[in-house]
Amino acid sequence: MPLEFIGMIGTREASELHGAAVSLTGGSIDTAYVRKFAKVHEDGGFDRVLVGYSSTGPDGFNVVNYAANATEKIKFLLAHRPGFVAPTLAARKLATLDHFTDGRVAVHIITGGSDAEQKRDGDWLDHDTRYRRTDEYLDIVRRVWTSEEPFDYEGEFYQLKQAFSEVKPLQKPHLPIYFGGASGAAVGVGAKHSNVYAFWGEPIAAIKQRIAEVKAAAPLGKSLGFSVSLRPILGDTEEKAWEKARYILSRVKENRAKAGIQLPSGTSARPEAVGSRRLLDFAQDSEIYDKRLWTPIAAATGAYGNTTALVGTPEQVAESLFDYYDAGVTTLLIRGFDPVEDAIAYGRDVIPLVKKEVQRREQQTVTVA
């Protein structure tokens, strides 16, 4: 699979630098900011942008539709949490959006790793049961997208009679499905249904191991892509990059202290999300992995979301990103702590370097063959 770069857009100016509880997936809506943010990624050579999901944030379907109308070619990755919209309706909504975006939308399935998040929307199922529901949900969504005849479905969570959709996705056989989840319950479901399996920014050895686990769980002969999410911190020199990284960490800690947020102690207070637990374990063992994967911000925030950084000059960060590509990663999701300015810098200084090296490697392979 070709290498893909994904950014992330939100509906207001937000990051860990702006406050302890400020997230790109929540808050108010600034339409001018959405247009600007989407265009910055399009002009910077990103292939897609992620529109995230939270139980308190704006509706992603509408955000994608609005941003698509403000852009021409960039694609979108819509985070979607199964269980709150009927799978038959979700399939029709996504197929409709696919047409109105001219085939520029993919869906990112996030089953949910926090009971509190789920309960805000009225979901009281436990973690592993949620993944069983997601399995049924995606069975139905994919069948609605591709079935030429009405069908019945009898499952643990969904029972359907003569389900059918007259609107089919513009993309064939259907929209690309991305999938996130670090638990054992997640792997089998994601390997079965997804086109791209997504990981947070772990050390390369761990990513290789996780890729192997997902491949082993996938149906025989299935081709899968893999995504890693990272937060690059750039500097004109390596020293300046580390100064910037330490400044960001101090601001994160300061904002959390002002808000009275303290990390809970004890193993019983660890995050519910397995991906967050993994990042915290890595952070506890070492501050730096590989050449420049930096973990202290994950430790300072409880590893809520994508919080591991690559620190260095654009050339050094590009080299580290390519190392992930060499390890089998096909999608690199990168976003900064200063979201707009960092996206501009990535598009100008990092993405061209990585793509150039990928092209050089491909040409070299063709020449040898």
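Scroll up to find the structure.
Summarised in this report is the structure supplied together with it. (Residues numbered from 1 in each chain as written. Predicted model: local features only at pLDDT ≥ 70, side-chain atom pairs only at ≥ 80, totals over all residues. Heavy atoms only, no water.)

Observations regarding the overall build of the chain
Turning to step 1, where the next piece is worked out: Helix and strand counts for the chain come out as twelve helices and 13 strands.
Turning to step 2, where the next piece is worked out: For the chain, the C-alpha radius of gyration of 20 Å lies close to 21 Å, the compact-globule estimate for 369 residues.
Turning to step 3, where the next piece is worked out: For the C-alpha atoms alone, the extent of the chain along its principal axes is close to 65 × 55 × 45 Å.
Turning to step 4, where the next piece is worked out: The buried share of the chain, reckoned over its 369 residues, is 54%.
Turning to step 5, where the next piece is worked out: Residue pairs at least 24 apart in sequence account for 73% of intrachain contacts in the chain once pairs closer than 6 positions are excluded.
Turning to step 6, where the next piece is worked out: When the accessible surface of the chain is totalled, it reaches about 16,500 Å², and 50% of it is carbon and sulfur.
Turning to step 7, where the next piece is worked out: One finds the centroid of the 45 positive side-chain charges in the chain at a distance of 1 Å from the centroid of its 48 negative side-chain charges. (Helix = DSSP H or I, 4+ residues; strand = E, 2+ residues; numbered from the N terminus. Rg over C-alpha atoms; globule rule 2.2 N^0.38 Å. Buried < 20%, exposed > 50% of the residue type's maximum accessible area, 1.4 Å probe, protein only. Contact = heavy atoms within 4.5 Å. Areas by Shrake-Rupley, 256 points an atom, 1.4 Å probe, with all protein chains shown as cover. Lys, Arg positive; Asp, Glu negative; His and termini not counted. Charge placed at Lys NZ, Arg CZ, Asp CG, Glu CD.)

Observations regarding the pattern of salt bridges
Turning to step 1, where the next piece is worked out: Taken as a whole and assessed by the stated rule, the structure comprises 23 salt bridges.
Turning to step 2, where the next piece is worked out: Here Asp342 and Lys244 are joined by a salt bridge, their closest N and O atoms 3.8 Å apart. Of this pair, Asp342 sits in helix 12 (residues 339-368) while Lys244 sits in helix 8 (residues 238-258), and the two are 98 residues apart along the sequence.
Turning to step 3, where the next piece is worked out: The class of Asp342 is buried, set by a relative accessible area of 9%.
Turning to step 4, where the next piece is worked out: Linking Asp323 and Lys291 is a salt bridge whose minimum nitrogen-to-oxygen distance equals 2.9 Å. Of this pair, Asp323 sits in helix 11 (residues 314-326) while Lys291 sits in the loop between strand 10 (288-289) and strand 11 (293-294); the two residues are 32 residues apart in sequence, bridging distant segments of the chain.
Turning to step 5, where the next piece is worked out: Counted as one network, the salt bridges with shared partners bring together Lys39, Glu42 and Asp43. (Salt bridge = Lys/Arg side-chain N within 4 Å of Asp/Glu carboxyl O.)

Some points on the nonpolar core
Turning to step 1, where the next piece is worked out: Phe5, Trp145, Leu321 and Tyr324 are the most contacted members of the largest nonpolar core, which totals 81 residues.
Turning to step 2, where the next piece is worked out: Examining the composition of this core, we find that eight residues originate from one element, helix 12, more than from any other.
Turning to step 3, where the next piece is worked out: For Phe5, the residues in contact, after removing those within four places along its chain, are Phe46, Asp47, Arg48, Leu321, Leu332, Ile334, Ile351, Val354 and Lys355.
Turning to step 4, where the next piece is worked out: Counting residues in each nonpolar core, the second largest holds 14 residues, with Ile233, Ile248, Val252 and Ala300 among its members. (Core = buried A, V, L, I, M, F, W, Y, C linked by side-chain atoms within 4.5 Å.)

Overview of unusual backbone geometry
Turning to step 1, where the next piece is worked out: For the peptide bond that leads from Lys172 to Pro173, omega is 0°, which places it in the cis range.
Turning to step 2, where the next piece is worked out: With a phi angle near 60°, Asp102 is a residue other than glycine that sits in the positive phi range.
Turning to step 3, where the next piece is worked out: With respect to the secondary-structure elements, Asp102 resides in the loop between helix 3 (87-100) and strand 4 (105-110).
Turning to step 4, where the next piece is worked out: Classification of Asp102 as exposed rests on a relative accessible area of 61%.

Examining the pairing of strand 4
Turning to step 1, where the next piece is worked out: Burial within strand 4 is extensive, with six of its six residues counted as buried.
Turning to step 2, where the next piece is worked out: In strand 4, alternate side chains face the same way, and those of Val105, Val107 and Ile109 on one face and Ala106, His108 and Ile110 on the other are all buried.
Turning to step 3, where the next piece is worked out: Judged from the five bridges that link them, strand 3 (residues 75-80) and strand 4 form a sheet pairing that is parallel. Residue pairing in the sheet places Leu77 in a bridge with Ala106 of strand 4.
Turning to step 4, where the next piece is worked out: Crossover strand 3 to strand 4 through helix 3 is right-handed.
Turning to step 5, where the next piece is worked out: Direction of pairing for strand 4 relative to strand 7 (residues 177-180): parallel, over a ladder of four bridges. Each residue of the ladder has a partner; that of Ile110, found in strand 7, is Gly180. (Pairing = 2+ DSSP bridges. Right-handed = clockwise from strand over helix to strand, strands pointing away.)

Any functional reading would require information beyond the geometric quantities listed.
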